[in-house]
Structure formats: structure tokens, C-alpha cells
Amino acid sequence: MVGAAEVAARASAAGLDAARLPRHVAIIMDGNGRWATARKQDRTRGHEQGAMVVRAITTASVKLGIARLTLYAFSSENWSRPQLEVDFLMGLLERFLEGELATLMENGVRLEAIGSLERLPAAVRSTLERIIRTTSANSAMTLCLALSYGGRDELVDACRAIAALVAAGRLDAGQITASTLQAHLYAPAASDVDVVIRTAGEMRLSNFLIWQATYAEYVSVAPLWPDFSVSDYHAALAEYQRRERRFGGL
Ligand code: IPE
Ligand code: IPE
Ligand code: MG
């Protein structure tokens, strides 16, 4: 973990209250295509530029002592994009993972992935598995990539696993609780999401972490993902800190 005194100094320099930082930040990285189109470039250029922003935001999160950062990198629905774009994104993902390993190690970041990972090309999956293994002992922060991820798929998969236990006589249907469901999510040990940040001014969840973000604060920011800077990130966290979280209580 990053030292408390260091975090406090960095938080206050960023205009943030160190005592009220989120534990789990989730980001919907949106607007890559628009960024490129505005420059009369191919959408793929936007994805390339966007990939570079991931490092800056990951490092900034480590510096603030955030425990978990989940990034929506590719949704279940994104498979429906033109094959050329999908292929490009898969290639980019593989290059990104290779290129990030050193920085992840330097910063003590453990990589995780959630989603229907079996749908990813074999080469991407094996690179992903290798980086996950190599970083598994790191403890400063967990970077979780949502890849081929859909919140509904995740809940359907959990229901199937639970139903199989019931069918096998290992679980009584009457004993199923929210904790049972939580235990069958892709990352069962992850804490609930505190804040969902979405770039490009959009205000929807697009099937992201529907279970985990039930009581998250939502912060929509105008910059397109390739333009999203560390100071934009700090501003989004400051917006989160201005919210009053009530969890249904008084
Ligand atoms: C986000 O940017 C990246 C992915 C969904 C993979 P988009 O590609 O959705 O960019 P816009 O929304 O078309 O601008
Ligand atoms: C959500 O963005 C998925 C990711 C950022 C990976 P989309 O661009 O796919 O979402 P919609 O289609 O605008 O809702
Ligand atoms: Mg989009």
C-alpha cells in the first residue's frame, strides 16, 4: 500500500479529502471514436490514444491509495461492431498488456479481468493470463479490466452456477441470499463500486457492473476518453466527494 501520509499530501494537492477517497472506482472509457472522427482520423486512432490514457489514470489511482480500479474496456455488446474494429481492439489489447507489464510491476499493481473471457482470441487470453499471473503478488492496487464484459451475462452466469448447485442437492434454494449471488460473480471478493465515472458526457451504464454499482455515485464528465487528464480525474473524484451517500438510510 501507498503510505497514509503520502496519500494525504497528494490528495490535498489534488483538492481532495484523503479521508473520503473511494475504495473502488469504475470508469466507462467512452468517446475514442468521436475523438478520432473530430480529427478526421480513423476510429482506431482514438482507441490507440485512449490506451495511453489508461496508464496515467492507473498510476494516479495508485498514488491516491485507491484499492481497486475497474475499467470498462470492451463490452459484450461491442462484439457487434464492424469486424475490422473488433480485430483492431483485440490486437491493441494484446499490445497494451505487453507494454504495461513493467509499469504494473513498478507500481505494485495486480491485474485482474472480468467478463466472458473465453470469447477473447486465444492469443489475447494467454497474454492476459500471463500478466495476471506475473502481477498476482502485487498489492498496492488491483486494476480490473472488464473485457467482453456484460453485467447481465455476469448475473446469468452466476444464476447458472447457483442453479447447478441446487440441482446437485448441494444448496437449498431457500438459502440463496445476495451473498450467494455475490460469491458467484466474476470477481467475488471485490467491494462494491463507490463511483462510476463516464467520459464523453454520456449518462448511462451500458450494462456495466449492474450488481456492484447499485449504490455507486455516478459522475459524467465532458472530456472524451483520449483527452481525459489526471486533473479531470481529480475533478471527477472531487465531484464524488461533494455527494452525500445515504444508502437508503437517513
Ligand atoms: C470507447 O470509445 C471504447 C470502446 C467502447 C471500446 P467508443 O469506441 O465507444 O467511442 P465513441 O463512443 O464511438 O466516440
Ligand atoms: C460502453 O461504451 C463500453 C465501453 C466503454 C467499453 P459504448 O460506447 O459501447 O456504449 P453505448 O453503446 O454508447 O451505450
Ligand atoms: Mg462509445
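Refer to the structure printed above.
Residues numbered from 1 in each chain as written. Chains lettered and ligands numbered in written order. Predicted model: local features only at pLDDT ≥ 70, side-chain atom pairs only at ≥ 80, totals over all residues. Heavy atoms only, no water.

A. Spotlight on the environment of Glu154. Locating Glu154 in the fold gives a position in helix 6 (residues 151-167). Along the primary structure Glu154 and His184 are separated by 30 residues, whereas in three dimensions their C-alpha atoms are 8.8 Å apart. Those residues within four positions of Glu154 in sequence are excluded, and the remaining contacts are Tyr149, Leu185, Tyr186, Ala187 and Gln212. Polar contacts involving the side chain of Glu154 include one to the side chain of Tyr149, which spans 2.5 Å. (Helix = DSSP H or I, 4+ residues; strand = E, 2+ residues; numbered from the N terminus. Contact = heavy atoms within 4.5 Å. Polar contact = N/O pair within 3.5 Å; in protein donor to acceptor, adjacent residues only side chain to side chain.)

B. Structural detail: the pairing of strand 6 (residues 217-220). The alternating pattern of strand 6 places Glu217 and Val219 on a buried face and Tyr218 and Ser220 on a face that is not buried. In terms of strand pairing, strand 5 (residues 195-198) meets strand 6 through four bridges, oriented parallel. Counterpart to Val196 in the pairing with strand 6 is Tyr218. (Buried < 20%, exposed > 50% of the residue type's maximum accessible area, 1.4 Å probe, protein only. Pairing = 2+ DSSP bridges.)

C. Layout of the packing of helix 4 (residues 83-107) against helix 5 (residues 122-134). In the contact formed by helix 4 and helix 5, the axes pass within 9 Å of each other and the chain directions differ by 15°. Of the possible angle classes, the one that applies to helix 4 and helix 5 is roughly parallel. The two elements helix 4 and helix 5 cross, and the hand of that crossing is left-handed. Mapping the contact onto sequence places Met90, Leu93, Glu94, Leu97, Glu98, Leu101, Leu104 and Met105 in helix 4 and Ala123, Val124, Thr127, Leu128, Arg130, Ile131 and Thr134 in helix 5. Here the residues of the contact of helix 4 with helix 5 are counted per class, giving ten nonpolar, two polar and three charged. (Axes fitted to C-alpha atoms, helices over the stretch in contact; angles between N-to-C directions. Parallel < 35°, antiparallel > 145°, perpendicular 65-115°, else oblique. Left-handed = near helix turned anticlockwise from the far one by under 90°. Nonpolar A, V, L, I, M, F, W, Y, C, P; charged D, E, K, R; others polar.)

D. Inspection of the side chain of Thr142 at higher detail. Along the chain, Thr142 falls in strand 4 (residues 141-149). Residue Thr142 is classed as buried on the basis of its relative accessible area, which comes to 9%.

E. Fine view of the packing of aromatic side chains. All told, the structure shown has eight aromatic pairs when counted by the stated rule. Taking 6.2 Å as the distance between ring centres and 90° as the angle between the ring planes, the aromatic pair formed by Tyr149 and Phe208 counts as edge-to-face. Of this pair, Tyr149 sits in strand 4 while Phe208 sits in the loop between strand 5 and strand 6, and the two are 59 residues apart along the sequence. We classify Tyr149 as buried; its relative accessible area is 0%. The class of Phe208 is buried, set by a relative accessible area of 0%. With a centroid separation of 5.4 Å and an interplanar angle of 45°, the aromatic rings of Tyr215 and Phe247 are classed as tilted. Pair noted here: Tyr215 is in the loop between strand 5 and strand 6 and Phe247 is in the segment after helix 8 (230-242), with a separation of 32 residues, a long-range link. Note on Tyr215: relative accessible area 44%, which makes it partly exposed. (Phe/Tyr/Trp six-rings, centres within 6.5 Å; stacked < 30°, edge-to-face > 60°.)

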